[in-house]
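Residue strings, one per chain:
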Amino acid sequence: MTALDGETSVATTLTIQYRPIGTETWKKFRSISASRTASGPTTVTVTPATLKSITGFRVIAEGLESEVSTVSVKARLTAPVMRSSVKRTNWVTIKGQIFPRHAVGSHPVTVTLWKKVGGDWVEQATFQPAIVGRTPDGSKWQTRYWFGAYDKGSYRLQVSHEDLKHAASVSHFKYMRVR
């Protein structure tokens, strides 16, 4: 086969390997056929359907191996679910979901609570709710927070997650009024 610039193109088989970060063992992802010219590089695009953790990829061909490319995967978080208005001196239940699944009883997410004070959002509290259930592809978390008699005002909450297997991710803000 001859490339457009007149160079001879050579067929080769590329083996794509992967390994989750933190492991030492490379596993075969797939093998593909490609062609290259003597002077040109071979480019391979890898589009795995579902990655659940940060993963390294490399390509092996003709005794050579590429540099490791890393794919950072974020855990997907729903915005916190709670009432939009709560009476002060009451408990409020806050819940949500994280994908992929995490172990029941673990604390993989952090909820941050801000109060609006004079036009600025001021951090009031951070807490780590527990995973209380599992769905086929994710986990449900839940916690409770108590607003005291002095806590009247506007609040916003956001959920975040980061661990050794996932890049940092944050949810959208949810807003609540304490009356």
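This write-up is about the structure you can find in this document. (Residues numbered from 1 in each chain as written. Predicted model: local features only at pLDDT ≥ 70, side-chain atom pairs only at ≥ 80, totals over all residues. Heavy atoms only, no water.)

Topic: the nonpolar core
Membership of the largest hydrophobic core comes to 20 residues, with the highest contact counts inside it found for Val 92, Ile 94, Leu 113, Trp 141, Phe 147, Leu 157 and Met 176. At the level of elements, β8 (91-99), β9 (109-117), β10 (120-127), β13 (153-163) and β15 (174-178) are the ones that each hand at least two residues to this core. Those residues in contact with Leu 113, other than ones at most four positions away along the chain, are Val 122, Glu 123, Gln 124, Ala 125, Phe 127, Tyr 145, Phe 147, Tyr 155, Arg 156 and Leu 157. Counting six residues, the second-largest nonpolar core is a separate cluster that includes Ile 16, Ala 34, Phe 57 and Ala 61. (Core = buried A, V, L, I, M, F, W, Y, C linked by side-chain atoms within 4.5 Å. Buried < 20%, exposed > 50% of the residue type's maximum accessible area, 1.4 Å probe, protein only. Helix = DSSP H or I, 4+ residues; strand = E, 2+ residues; numbered from the N terminus. Contact = heavy atoms within 4.5 Å.)

Side note on the sheet that holds strand β11 (residues 130-134)
As summarised here, the arrangement of the four strands in space is β6-β8-β12-β11, forming an open sheet in which the pairing is antiparallel. Edge positions in the open sheet fall to β6 (76-77) and β11, since each of these has one partner strand only. (Pairing = 2+ DSSP bridges.)

Structural notes on the pairing of β10
Two strands pair when backbone bridges link them, and β9 and β10 are joined in this way by seven bridges, in the antiparallel orientation. Residue pairing across strands places Lys 116 opposite Trp 121, the latter belonging to β10. Between β9 and β10, which pair antiparallel and follow one another directly, the connecting turn spans two residues, one of which, Gly 118, has a positive phi of 55 degrees.

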